[in-house]
Each structure stands twice: as structure tokens, then as C-alpha cells.
Amino acid sequence: MATPISADRMVAALRSEGVRVVERPGWRTHNRDHKGPWGPVNGVMIHHTVTSGTANTVGICERGHEGLPGPLCHGVIAKDGSVHLVGYGRANHAGRGDGDVLRAVIAERTLPKADDADTDGNTHFYGFECENLGDGEDPWPSAQLDAIERAATALCRVHGWSTASVIGHREWQPGKIDPQGFSMGWLRERVAARLKAQPSGGGSSGGGSSTYLAKSGDTLSGIGKSLGISWERIAQTNHITAPYIIKPGQTLTIPAKTSGGSYTPPPFPDGLAPGRSTPSTKGLQQALKDTGWLDPSVPLSDTYGPQTQKAVAGFNRKHNLFTTGRPNDPAIGRRGWDLLHRLAYGH
């Protein structure tokens with residue numbers, strides 16, 4: 001029995017165990033806490049999704065479906081071994097199950113057969129949905145099985161649980177068959193072996209970075225804002241250049257957040273000037289929005305027009321930055337560009 005760990009600690013525990021984490025926008029506050037308690041937590045529950053395609057699967061688990069709102073789990077474990085965090089807090093994954101099973105999990109003893117549905121499991125279990133059709137024929141790639149093992153181990157290790165705290169949905173709720181394709185006894189043996197060793201940390205991308213799977217309607221600026229990271233750093237890390245277009249299904253490497261003044265603004269772009277049209281104007285406009293100088297309702301545009309000029313002039317006045325010597329200078333200079341980006345993204 002334990003208090004749920006924080007979202008930050010969950011990410012740290014998974015990465016420490018070598019899990020390749022993908023943090024979906026808004027996952028830290030996406031939950032069903034208004035419908036019931038979250039915690040005390042007692043174990044980790046593994047499911048299969050009966051879906052195919054990572055983007056489709058993640059989207060369903062985030063949104064849910066008619067009659068069952070999302071999140072449908074805390075993390076989606078994809079075929080490639082990546083773990084997509086979609087919710088933190090109470091999630092609609094376990095449903096009602098057998099109280100005798102919960103008591104066995106708490107006591108860390110052999111599970112009885114689940115034949116009742118008298119206890120709310122969403123209160124007591126972390127949940128991982130695994131991308132698989134669940135027909136007994138859809139394969140389980142080794143990278144995915146390794147990630148399931150690592151994710152379960154991470155939460156057992158951080159809570160001090162034994163492998164008895166790792167259960168399948170079919171062991172909790174009568175009539176469920178998931179996960180189908182491997183035995184939970186086999187998984188618990190793998191988790192037990194891993195718990196005997198130190199965390200390997202071998203599966204995450206280097207330098208504390210993570211990945212993000214772009215969905216329809218995503219923009220670099222929107223992703224950066226939701227994750228608290230400069231969109232320019234995301235673009236630079238992924239070698240994306242003007243006009244900074246990303247496509248649904250594209251996997252982006254998200255650099256680790258900087259600290260203590262180590263942020264470096266992007267290079268000052270050529271051709272950025274009032275009245276001109278250049279893709280770099282969108283980056284200027286987004287930084288102005290993120291610092292409160294440009295109204296969020298103003299659409300991003302390549303054109304350095306009157307609204308952008310007015311916002312830059314106000315910023316220049318505030319910080320005594322006049323590249324032309326005029327008090328209402330609408331041009332952003334190199335010093336202003338650097339300062340604006342440090343204020344916007346130099347967390």
C-alpha cells in the first residue's frame with residue numbers, strides 16, 4: 001500500500017530502468033480524479049489494447065471512446081518498445097475486480113481466481129496498455145516485451161514491491177483475457193530477475209531526452225509550449241528547418257530541459273525585418289506570444305506586419321532596445337532576439 005508517486009518521479013523511475021519515454025502533451029493533468037480516489041496504489045496492471053498502429057492506439061488511450069472516457073491507462077507500450085505517457089492520476093483501465101485478488105496483491109501472495117467484481121481497481125493500480133490485437137496471433141516484439149518488463153520493474157522498484165504486485169487484467173476481472181500472448185507468470189519471473197540487479201538505464205535516449213509522436217494539428221510551437229521547451233530547440237534537435245512543418249505520425253526527439261542559465265537562443269535569422277515575409281517571423285511571433293507581448297489569438301504568419309511590429313516596439317521600449325534609435329522601433333535586433341528567447345524559453 002502506497003501513495004502514488006509524482007508524475008516527475010514516474011518519468012525518472014521509468015527512464016532509470018531504461019524505458020524510452022514519450023511524454024504526451026497534458027498527460028500530467030489528464031485523469032479521472034473527479035470520479036473517484038486515486039490511491040493508495042498497490043500494484044501494476046498489464047493490458048492489451050485490441051488495436052493496431054501506435055498513433056491510433058495512443059490516441060484511443062488518451063481520448064477513450066463512447067461510454068469510457070480517457071485516459072484508459074497511464075502509459076501505452078508500443079510495438080517498438082516506446083512507452084507513451086497519456087495520463088497521471090485515476091485512469092479508466094482496471095474497472096471493478098475481485099477484492100480477494102487485491103488483498104492477495106497487498107499481502108504479496110499467490111493470486112486467487114478472479115470470480116467477483118466488487119472492488120474499484122482504478123483506485124489501486126497503475127495501468128499499462130500494450131499495443132496488440134489480443135488475438136493470440138499478433139506478435140509481441142522483443143523490444144515491446146522488454147519495455148513491459150522494464151516499466152513494471154520501475155514501479156515495483158520505486159515502491160519497494162515484489163513481483164506479486166504485477167498482475168494482468170485477466171487476473172483481476174472475471175471474463176477478461178488480456179494480456180493474451182504471454183503468461184503473467186513468465187513476466188513476473190523476468191521482473192524478479194531485473195529487480196535483483198541495479199537499474200540499467202539503457203533504454204532511454206541519451207542526455208535525458210525523450211520522444212514525441214506528432215498527431216494531426218500539432219505544431220512545433222504548440223508542442224514546445226505544452227512541454228515547456230523552446231520549439232526552436234526541438235527543431236534544431238530534429239534538423240527541421242523553415243518552414244518548420246511536421247507531419248502526423250512523425251517521431252520527434254525532445255531534448256532535456258535546460259537549467260541554470262544554460263539555454264542558448266537560436267541564431268538570429270537573416271531577412272527578419274518589418275514589412276518583410278520570411279518563415280522566421282513565425283518564430284518571432286511565437287516568442288512574443290509566449291512572453292505576453294503578442295495576443296495569442298493573432299495567427300502565426302510569415303509576414304512581419306503591423307501587429308508584430310507593435311508588439312516588438314513595446315518589447316523594445318520596455319528593455320531600452322532601439323536598433324534605429326527611435327523609441328517605437330518595430331525592428332527586432334540581435335540583442336532583442338536573444339533576450340526575448342531567453343525570457344520565453346530559458347527556464
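The structure displayed is predicted, hence computed values, not measured ones.

Calculation criteria
- Residues numbered from 1 in each chain as written.
- Predicted model: local features only at pLDDT ≥ 70, side-chain atom pairs only at ≥ 80, totals over all residues.
- Heavy atoms only, no water.
- Helix = DSSP H or I, 4+ residues; strand = E, 2+ residues; numbered from the N terminus.
- Buried < 20%, exposed > 50% of the residue type's maximum accessible area, 1.4 Å probe, protein only.
- Contact = heavy atoms within 4.5 Å.
- Areas by Shrake-Rupley, 256 points an atom, 1.4 Å probe, with all protein chains shown as cover.
- Salt bridge = Lys/Arg side-chain N within 4 Å of Asp/Glu carboxyl O.
- Axes fitted to C-alpha atoms, helices over the stretch in contact; angles between N-to-C directions.
- Parallel < 35°, antiparallel > 145°, perpendicular 65-115°, else oblique.
- Left-handed = near helix turned anticlockwise from the far one by under 90°.
- Nonpolar A, V, L, I, M, F, W, Y, C, P; charged D, E, K, R; others polar.
- Phe/Tyr/Trp six-rings, centres within 6.5 Å; stacked < 30°, edge-to-face > 60°.
- Expected span 1.5 Å × (residues − 1).
- pLDDT = per-residue confidence, 0-100.

Just give me the short version of the overall build of the protein chain, but keep the residues and values in it.
Within the protein chain, the regular secondary structure consists of 11 helices and 12 strands. Dimensions of the protein chain, computed from C-alpha atoms along their principal axes, come out at roughly 80 × 40 × 35 Å. Among the 347 residues that make up the protein chain, the fraction classed as buried is 52%. Sequence separation of 24 or more characterises 69% of the internal contacts of the protein chain that already satisfy a separation of 6 or more. Of the accessible surface of the protein chain, which amounts to about 15,200 Å², a share of 51% is contributed by carbon and sulfur atoms.

Can you break down the pattern of salt bridges residue by residue, with the values?
A pair can form between side chains of opposite charge whenever their charged atoms are brought close. Applying the stated criterion across every chain, the model contains 15 salt bridges. Across the salt bridge formed by Lys79 and Asp138, the nearest N and O atoms sit 3.0 Å from each other. In this pair, Lys79 is assigned in the loop between strand S5 (75-77) and strand S6 (82-85) and Asp138 in the loop between strand S9 (125-130) and helix H4 (142-159), connecting sequence segments 59 residues apart. Exposure remark for Asp138: the relative accessible area of 16% places this residue in the buried category. Through salt bridges with shared partners, a single ionic network connects Asp146, Glu149, Arg150, Arg190 and Arg194.

Can you lay out the packing of helix H1 (residues 7-16) against H4 for me, pointing to particular residues and giving the numbers?
Each pair of packed helices can be described by the angle between their axes along with the distance between the axes. Where H1 contacts H4, the two axes come as close as 8 Å, and the packing angle between them is 120 degrees. The angle between H1 and H4 falls in the class oblique. Like other packed secondary-structure pairs, H1 and H4 cross with a definite hand, here right-handed. Contacts between H1 and H4 involve Arg9, Ala13 and Leu14 from the former and Ala151, Ala154 and Val158 from the latter. Of the residues assigned to the contact of H1 with H4, the class counts are five nonpolar, no polar and one charged.

Can you tell me about the packing of aromatic side chains, naming the residues and giving the values?
The description of two aromatic rings rests on the distance between their centres and on the angle between their planes. Applying the stated criterion to the full structure yields nine aromatic pairs. Between Trp140 and Phe182, the aromatic rings sit 5.0 Å apart at their centres with planes inclined by 85 degrees, giving edge-to-face as the arrangement. A residue pair is termed long-range when its members are at least 10 positions apart, and Trp140 in the loop between S9 and H4 and Phe182 in the loop between helix H5 (169-172) and helix H6 (184-195) qualify at 42 residues. An aromatic cluster of three or more residues is present, and its members are Trp38, Tyr126 and Trp161.

Would you mind going over the environment of Arg188 in detail, with residue names and values included?
Note that Arg188 resides in helix H6. Classification of Arg188 as buried rests on a relative accessible area of 18%. Separated by 26 residues in sequence, Arg188 and Ser162 place their C-alpha atoms 9.1 Å apart.

Residue-level account of helix H10 (residues 306-318), with values.
A rise of 1.5 Å per residue sets the reference length of H10, with its 13 residues, at 18 Å; its end C-alpha atoms lie 18 Å apart and thus fit the reference within 8%. Regarding H10, the residues found buried are Thr308, Ala311, Val312, Ala313, Gly314, Phe315 and Asn316.

Could you give an account of the confidence of the model for the protein chain, naming the residues involved and the relevant values?
Low-confidence regions, as indicated by low pLDDT, have predicted coordinates that should not be scrutinised in detail. Per-residue confidence for the protein chain gives a mean pLDDT of 88, with 91% of residues at or over 70. This model gives residues 202-207 a pLDDT under 50, and the stretch forms 12 contacts once residues within four places in sequence are excluded.

Which residues make up unusual backbone geometry, and what values go with them?
A cis amide bond links Gly70 with the next residue in sequence, Pro71, at an omega value of 5 degrees. The linkage connecting Asp178 with the following residue, Pro179, adopts the cis geometry, with an omega of 0 degrees. When you line up the elements, Pro179 lands in the loop between H5 and H6. The residue Val50 is not glycine, and still its phi comes out positive at about 60 degrees. Here Val50 shows up in the loop between strand S2 (43-48) and helix H2 (54-63). Notably, Glu108 is not glycine yet its phi reads approximately 55 degrees, a positive angle. For Glu108, the location among the structural elements is in the loop between helix H3 (99-107) and strand S8 (119-120).

Can you tell me about the environment of Gln286, naming the residues and giving the values?
Within the element layout of this structure, Gln286 appears in helix H9 (residues 280-290). Along the sequence, Gln286 and Pro4 sit 282 residues apart, while their C-alpha atoms lie 36 Å from each other.

Can you break down the packing of H9 against H10 residue by residue, with the values?
Running from N to C, H9 and H10 cross one another at 55 degrees; their axes reach a closest spacing of 11 Å. By the angle class used here, H9 and H10 are oblique. Remark: the crossing between H9 and H10 carries left-handed chirality. Of the residues in H10, those in contact with Leu284, Gln285 and Leu288 of H9 are Thr308, Ala311 and Val312. Tallied by class, the residues present in the contact of H9 with H10 amount to four nonpolar, two polar and no charged.

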